[in-house]
Amino acid sequence: LIFFTLAFLVALRPGRLLDWVGRFLTPLFLVLLAVLVVATIVKPMPSDASRAAQAPYTQMPFLQGVLDGYNTMDALATLAFAIIIVDAIHQVGRTSRRQVASQAATSGIVALVALSIVYICLMFLGRTSLPTVPEADNGGTVLAETALHYYGHPGEILIGAIVLVACLKTAIGLIAACAEMFATMFPRAMSVRAWVVVFSIVSTLIANAGLDAIITWAVPVLMFVYPLAISTIILGLLTPWLGHDRTTHRFVTVFVAVSAFFDLVRALPVNLPGASVITSLGTAALPGYEAGFGWTVPFLVGLAAGIIASRARHNRDPLEGGAGRAGNRRQDPGASPAQDIPEADLESVR
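Remember, predicted model here, so these are calculated numbers, not experimental data.

Each value, and the rule that gives it
Residues numbered from 1 in each chain as written. Predicted model: local features only at pLDDT ≥ 70, side-chain atom pairs only at ≥ 80, totals over all residues. Heavy atoms only, no water. Helix = DSSP H or I, 4+ residues; strand = E, 2+ residues; numbered from the N terminus. Buried < 20%, exposed > 50% of the residue type's maximum accessible area, 1.4 Å probe, protein only. Contact = heavy atoms within 4.5 Å. Areas by Shrake-Rupley, 256 points an atom, 1.4 Å probe, with all protein chains shown as cover. Phe/Tyr/Trp six-rings, centres within 6.5 Å; stacked < 30°, edge-to-face > 60°. Axes fitted to C-alpha atoms, helices over the stretch in contact; angles between N-to-C directions. Parallel < 35°, antiparallel > 145°, perpendicular 65-115°, else oblique. Left-handed = near helix turned anticlockwise from the far one by under 90°. Nonpolar A, V, L, I, M, F, W, Y, C, P; charged D, E, K, R; others polar. UniProt positions renumbered as here; feature names shortened; annotations may be inferred. Patch = residues over 30% accessible without salt bridge, like charges linked within 9 Å, V, L, I, M, F, W, Y side chains within 5 Å. Salt bridge = Lys/Arg side-chain N within 4 Å of Asp/Glu carboxyl O.

Novice: Whenever I open this one, the overall build of the protein confuses me. Can you help?
Specialist: Across its full length, the protein carries 16 helices and 0 strands. Counting across all 350 residues of the protein, residues that qualify as buried make up 28%. Of the contacts formed within the protein by residues at least 6 apart in sequence, a portion of 70% connects residues at least 24 apart. When the accessible area of the protein is evaluated, it comes to approximately 21800 Å², of which 68% is carbon and sulfur surface.

Novice: What exactly am I supposed to notice about the side chain of D263 here?
Specialist: Its place among the elements puts D263 in helix α11 (residues 246-267). Excluding its chain neighbours within four sequence positions, the residues that come into contact with D263 are M223, P227 and Y289.

Novice: Is there a simple way to explain the packing of aromatic side chains in this structure?
Specialist: Any pair of aromatic rings gets described here by the distance separating the centres and the angle formed by the planes. Taken as a whole, this structure holds 8 aromatic pairs when the rule is applied. Measuring from centroid to centroid gives 5.1 Å for F182 and W195, while their planes differ by 50 degrees, and the two rings are tilted. In this pair, F182 sits in helix α7 (residues 153-185) while W195 sits in helix α8 (residues 192-207), placing the two residues 13 residues apart along the sequence. Summarising the aromatic geometry, the rings of W295 and F299 are spaced 6.1 Å apart at their centres and angled 80 degrees between planes, so their arrangement reads as edge-to-face. Here W295 matches F299 in class, with each residue buried. Here the aromatic cluster, defined as three or more aromatic residues joined through ring pairs, consists of F182, F186, W195 and F199.

Novice: What's the story with the packing of α7 against α8 in this structure? I'm lost.
Specialist: Angle between the axes and distance between the axes: these two values describe a pair of packed helices. At a minimum axis distance of 8 Å, the contact between α7 and α8 shows a crossing angle of 130 degrees. Looking at the two axes, α7 sits oblique to α8. Here α7 runs over α8; the crossing is right-handed. Of α8, the residues touching α7 (which contributes I175, C178, A179, E180, F182 and A183) are V192, W195, V196, F199 and S200. Looking at the contact of α7 with α8 residue by residue, the class counts come to 9 nonpolar, 1 polar and 1 charged.

Novice: Would you explain the UniProt feature "transmembrane region" (unreviewed entry) in the protein in this entry?
Specialist: UniProt annotation of "transmembrane region" (unreviewed entry) refers to residues 20-42, 104-125, 157-182, 194-211, 217-239, 251-272 and 292-309 when read in the numbering used here. Split by type, residues 157-182 is 100% helix and 0% strand. Its first and last C-alpha atoms lie 37 Å apart. Spanning residues 217-239, this segment combines 96% helix with 0% strand, and its end C-alpha atoms are found 34 Å apart.

Novice: Help me out: how do you make sense of a nonpolar patch on the surface in this one?
Specialist: Among the surface-exposed residues, F251, V254, F255, V258, V297 and V301 lie close enough to one another that they form a single nonpolar patch of about 450 Å² accessible area. Contributions of two or more residues to the nonpolar patch are made by α11 and α13 (296-315). For the nonpolar patch, the leading source of residues is α11, giving 4 residues. You can see V258 is positioned in helix α11.

Novice: It is not clear to me how the pattern of salt bridges should be interpreted in this structure. Could you clarify?
Specialist: Side chains bearing opposite charge may pair, as long as their charged atoms lie close to each other. Counted under the stated rule, the structure contains 2 salt bridges. Note that D263 is salt-bridged to R266, the shortest N-O span being 3.5 Å. Remark: R266 and D263 occur in helix α11; sequence separation between them is 3 residues, near one turn of the helix. On the basis of relative accessible area, R266 is assigned to the partly exposed category, the value being 28%. One salt-bridge network, held together by shared partners, links D263, R266 and E290.

Take a look at the structure:
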């Protein structure tokens, strides 16, 4: 309750997000994380070089790393955070499309470099912690045990602060972004501040359901929405070549949505009647389905079909249709063209 109250109070003032998240919480998070990471670099734990890689990293570890990164589904958050990023850019006085695009690209590069450094340090931490934390189920356990190893019980406070700040800035950003998005989609329903209240209350209720329950029921929804989000991002990147034609977007969305339905069924926590048949069909018909990439071929098919349909529609000769309709209507040889042809068709013929 206290956590989401803090998130609510900050998100309630979106104009201050740049100050709270960008100038305070994010630097604080990096400093706290550096306290832990620097200790592992200055005084590494005894490493076990003889320990072999474990499945599924024994073969093609790079590809497995790509799959792990894909399965974090962070692209969904980028669609929501994009609103916050654009608003922050506007706050610093850059309002034209060129300025916003340039600043967003620069910010993205800076974030890419900074996060790469952070994750490289975390990989080093994880590698050197193997003798101390040999049977960790996840990265959270590794961080907690590493903090305990270096700092004792104060390390528990350190890791708690790291998790608190990391989750708080994410919660603030998501609540504010979702409120902005829904206020834009439904301008007559509620104000941004009212949506902030709604999402804060809903988030509090869902959080009290427990992490296991949240993951169990959220994964099927995410498995359906994520391919749609990825395809939307790709289409956005292809806009300079495809333009803003809705036909292509509709074809891609339909094809990807059908394939994403198979992912949803596979991820359901309950066995529905016919679920095994649908899953088997997805495995047989969709290349990459088992790895979570079953939407790629439908995306390409939908993209090709959409481009063909769009080109066919745009290449259709409007004069041919107008002249044909005019010729069909001209039944009386004595009638003048102006009397027999409607104004719309007459203008088309001209």
